[in-house]
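So the chains spell out like this:
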Amino acid sequence: MASAYYEFYRGSSIGMALTDSLDELITSGSITPQLAMKVLQQFDKSLADTMVKQVKNKTTLKGHLHTYRLCDDVWTFIVKDASFKMESNELVNAPKIKIIACKNGEAIESASRDHYILNFSKHDSSCNPLPSRKIRQRRR
């Protein structure tokens, strides 16, 4: 089975820069759209693998859970008044964050339930972390 990788890192600053560069190369005729898609797929895989294998920092999160949902094995949490305490005792505060937790490629292949990738971002109502999927939020 081929690994599936989520596309939410494409919304990061480096992902947007890569997408803009690929668009310019396609427009100039230097590469084909098919090659650009392969580059983006490799970007998704490489960034997800790097986050799992090389990022080892731990943090403690405190805040008020505003919303949570599970759709297609992707957990999404909206936390208000979030406070992160890093291993170095540094505190980072944000008024509202979105946490996305999804299985990594290895976990998807092995159907394991204990390997997740977390993506933290300041909450932006225009942010769609998984552009290829529609996630409905339950209204309260």
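Residues numbered from 1 in each chain as written. Predicted model: local features only at pLDDT ≥ 70, side-chain atom pairs only at ≥ 80, totals over all residues. Heavy atoms only, no water.

### Some remarks on the side chain of T76
Topologically, T76 is positioned in strand β2 (residues 74-86). Judged by its relative accessible area of 3%, T76 is buried. Beyond its immediate stretch of four places on either side in the chain, T76 contacts T67, Y68, R69, K98 and I99. (Helix = DSSP H or I, 4+ residues; strand = E, 2+ residues; numbered from the N terminus. Buried < 20%, exposed > 50% of the residue type's maximum accessible area, 1.4 Å probe, protein only. Contact = heavy atoms within 4.5 Å.)

### Some points on the nonpolar core
Membership of the largest hydrophobic core is limited to 8 residues, which are Y6, F8, Y9, F43, A48, V74, I100 and C102. Of all the secondary-structure elements, those providing two or more residues to this core are α2 (33-54) and β3 (91-103). A domain-level breakdown of this core finds at least three residues from each of domain 1 (8-54) and domain 2 (60-102). V79, F84, A94 and I97 belong to the second largest nonpolar core, which has 6 residues in total. (Core = buried A, V, L, I, M, F, W, Y, C linked by side-chain atoms within 4.5 Å. Domains from an automatic or database assignment.)

### Description of the environment of R69
Turning to its location among the elements, R69 is positioned in strand β1 (residues 59-71). In this structure, the C-alpha to C-alpha distance between R69 and I100, residues 31 residues apart in sequence, is 9.8 Å.

### Side note on the environment of T60
As for its position among the elements, T60 is in strand β1. T60 gets classed as partly exposed once you look at its relative accessible area, which sits at 45%. Measuring from C-alpha to C-alpha, the distance between T60 and N89 comes to 9.8 Å, with 29 residues separating the pair along the chain. With near-sequence residues (within four places) excluded, T60 lies in contact with S83, F84 and K85.

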